[in-house]
Amino acid sequence: MLEAKLAMKTQPGHQTVVHLSEQVAIGGDLLVVIGGPCSVEGVDQMEQVARSLSAIAVTALRGGVYKPRTSPYSFQGMGIDGLRILASLREQYGMPVVTEVMAIAQIEPACAYADMLQIGSRNMQNFELLKAVGQADKPVLLKRGLAATVEEFVMAAEYILAHGNPNVVLCERGIRSFDTFTRNVLDLGAVIGLKQLTHLPVIVDPSHAAGKRELVPNLAKAAIAAGADGLIIECHPVPEQSVSDARQALSLEAMAELMISLEPIAASVGRSLGDSGNVSEAFHRTPGGDRTVIPMAMSV
Ligand code: PEP
Ligand code: MN
């Protein structure tokens, strides 16, 4: 990886912090959790998501409007209408917004409405797209290719850095294997290695790694324990009805529970989730003393 001269650490402790907004940064002591549905489906869906997540210290909102679908007959995303929905929620809830671009022509509209551009796994080695986001003035979330080596991943980041954009966050989202039990294999060794080799923040997407919602919370905890700088997690008000990636989406209640259960793991690696007072507000104690989740849609 000798050629990755911009991405590599130059000295111990060399760490880039990428700002999504004045309040939200990735790579510092505070862990970042980016939550939201796979696809933006409409105003009501996104409104419920943003309202719930903003109450539980989830720091940024995700939602795809340009979707890379395996089948050309599947939902392809809401496009510009979806971007407008994201932008209005970003204003209303003060949450920065992350969304995927698949083509150079999508960069300009995405920059007008979002705070961070996601390059999806399928485009990790789309070098023209990497050069173009390298010239954009928004931070980039670069997801690891479906079958990319760590070296290829770092070199893809190097493209963006070399074209002038210093604000790159790496995202491990699982790699292909022979095993169909999980959708992909979450490579936590790569997360640890990337943190040692590069100065770029590294976050983990347990949703696309697992492909099954019941595996997501513990993978998320493992990622934080391994030293990740944050998480990006898919969730939906009615997970089974998600138009894409339904099987891996967490409910909004499960997101709230996950945020609570991440706190001690974060503390054990010297990190924190920020204003966890907000997380507790989403819960109340029953007379028996158990923690019970208030349905998120009703909690504000
Ligand atoms: C997504 O984030 O919805 C997505 C398509 O992810 P990936 O590129 O990792 O498959
Ligand atoms: Mn998805």
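All values derive from a computational prediction rather than experimental measurement.

**Q** Mind showing me how you'd approach the coordination of the manganese ion (ligand 2) here?
**A** Octahedral six-donor coordination of a metal ideally yields angles of 90 or 180 degrees, compared with 109.5 degrees for tetrahedral four-donor coordination. Bound to the manganese ion (ligand 2) on the protein side are Cys38 (SG), His208 (NE2), Glu234 (OE) and Asp245 (OD), at distances that span 2.0 to 2.4 Å. Counting gaps between the donor residues of the manganese ion (ligand 2) yields the pattern C-x169-H-x25-E-x10-D. Of the two residues, Cys38 sits in the loop between strand E3 (32-36) and helix H1 (43-54) while Glu234 sits in strand E10 (residues 230-234), which places them 196 residues apart along the sequence. Side by side, Cys38 and Glu234 carry an identical accessibility label, which is buried.

**Q** When you look at the site of ligand 1 in this model, what are you seeing that I'm missing?
**A** Taken together, 13 residues lie around ligand 1, and Arg62, Gln118, Ser121, Arg122 and Arg173 are the ones closest in. Contact distances for ligand 1 include 2.9 Å between an oxygen atom and a side-chain N or O atom of Arg122. Arg173 is positioned such that a nitrogen or oxygen atom in its side chain is 2.7 Å from an oxygen atom of ligand 1. In the complex, the protein chains occlude 97% of the 300 Å² of accessible area that ligand 1 would expose alone.

**Q** Just checking my understanding: could you explain the pattern of salt bridges for this structure?
**A** With the rule as written, the count across this model stands at 12 salt bridges. A salt bridge links Asp205 to Lys143; the nearest nitrogen and oxygen atoms lie 2.7 Å apart. Pair noted here: Asp205 is in the loop between strand E9 (202-204) and helix H7 (206-210) and Lys143 is in strand E7 (residues 140-143), with a separation of 62 residues, a long-range link. Looking at Lys143, the relative accessible area reads 4%, which means it is buried. Between Asp245 and Arg183 there is a salt bridge whose closest N-O contact spans 3.1 Å.

**Q** Sorry, what's going on with helix H6 (residues 188-197) here?
**A** Side chains three or four residues apart in an α-helix point the same way, a direct result of the helix having 3.6 residues per turn. Burial in H6 covers these residues: Leu188, Ala190, Val191, Gly193, Leu194 and Lys195. At the N-terminal boundary of H6, the capping side chain belongs to Asp187, with an oxygen 3.4 Å from the backbone nitrogen of Gly189.

**Q** What should I look at first to understand helix H5 (residues 150-162) in this one?
**A** Taking 1.5 Å of rise per residue, 13 residues should cover 18 Å, and H5 covers 18 Å from first to last C-alpha, within 8% of that figure. The inward-facing, buried residues of H5 contact helix H4 (127-134), E7, strand E8 (168-172) and H6.

**Q** Looking at this structure, how should I read the sheet that holds E9?
**A** Through backbone hydrogen bonds, the strands of a sheet pair up, either in parallel or in antiparallel fashion. Taking strand neighbours around the barrel as the criterion, the eight strands line up as E3-E4-E5-E6-E7-E8-E9-E10 in a closed arrangement whose pairing is parallel. Across the sheet, the mean angle separating the axes of adjacent strands is 25° when strand polarity is ignored. In this sheet, strand E6 (residues 116-119) lies alongside strand E5 (residues 97-100) in parallel orientation, the contact comprising three bridges. Following the sheet pairing, Val98 is matched in E6 by Met116. The sheet contacts of H4 involve E6 and E7, and relative to E6 the element is tilted by about 170°. On top of the sheet, helix H8 (residues 216-225) reaches E9 and E10; it is set at about 165° to E10, its chief contact.

**Q** In this structure, what is going on with the pairing of E8? I would like to understand it.
**A** Both faces of the sheet carry side chains from a regular strand, because those side chains alternate between them. Burial of E8 is extensive: five of the five residues sit out of reach of the surface. Of the two faces of E8, the one holding Val168, Leu170 and Glu172 and the one holding Val169 and Cys171 are both buried throughout. Pairing analysis gives four bridges linking E7 to E8, with the strands arranged parallel. The residue of E8 that forms the bridge with Lys143 is Cys171. Each parallel crossover has a hand, and the one from E7 via H5 to E8 is right-handed. Relative to E9, E8 is paired through three bridges, and the arrangement is parallel. Bridging across to E9, Leu170 finds its partner in Val202. On the question of chirality, the crossover connecting E8 to the parallel E9 by way of H6 is right-handed.

**Q** Please explain the packing of aromatic side chains as it appears in this structure.
**A** Pairs of aromatic rings are described using the distance from one ring centre to the other and the angle between the two planes. Counted by the stated rule, this structure contains one aromatic pair. Against the face of Phe181 rests Lys212, its NZ or CZ located 3.6 Å from the ring centre.

**Q** Just checking my understanding: could you explain the pairing of E6 for this structure?
**A** Judged by which residues are buried, E6 turns out to be covered on both faces: Met116 and Gln118 on one side and Leu117 and Ile119 on the other are all buried. In this view, the connection linking E5 to its parallel neighbour E6 by way of helix H3 (residues 107-113) has right-handed handedness. As judged from the three bridges shared by E6 and E7, these two strands associate in the parallel manner. By the bridge assignment for E7, Ile119 is matched with Leu142.

Cut-off values and rules
- Residues numbered from 1 in each chain as written.
- Chains lettered and ligands numbered in written order.
- Predicted model: local features only at pLDDT ≥ 70, side-chain atom pairs only at ≥ 80, totals over all residues.
- Heavy atoms only, no water.
- Donors = N, O, S within 2.8 Å, 3.2 Å for Na, K, Ca; no water.
- Helix = DSSP H or I, 4+ residues; strand = E, 2+ residues; numbered from the N terminus.
- Buried < 20%, exposed > 50% of the residue type's maximum accessible area, 1.4 Å probe, protein only.
- Near = heavy atom within 4 Å.
- Polar contact = N/O pair within 3.5 Å; in protein donor to acceptor, adjacent residues only side chain to side chain.
- Areas by Shrake-Rupley, 256 points an atom, 1.4 Å probe, with all protein chains shown as cover.
- Salt bridge = Lys/Arg side-chain N within 4 Å of Asp/Glu carboxyl O.
- Expected span 1.5 Å × (residues − 1).
- Contact = heavy atoms within 4.5 Å.
- Pairing = 2+ DSSP bridges.
- Axes fitted to C-alpha atoms, helices over the stretch in contact; angles between N-to-C directions.
- Right-handed = clockwise from strand over helix to strand, strands pointing away.
- Phe/Tyr/Trp six-rings, centres within 6.5 Å; stacked < 30°, edge-to-face > 60°.
- Lys NZ or Arg CZ within 6 Å of the ring centre and 35° of its normal.

Shape is all these values report; function is a separate question.
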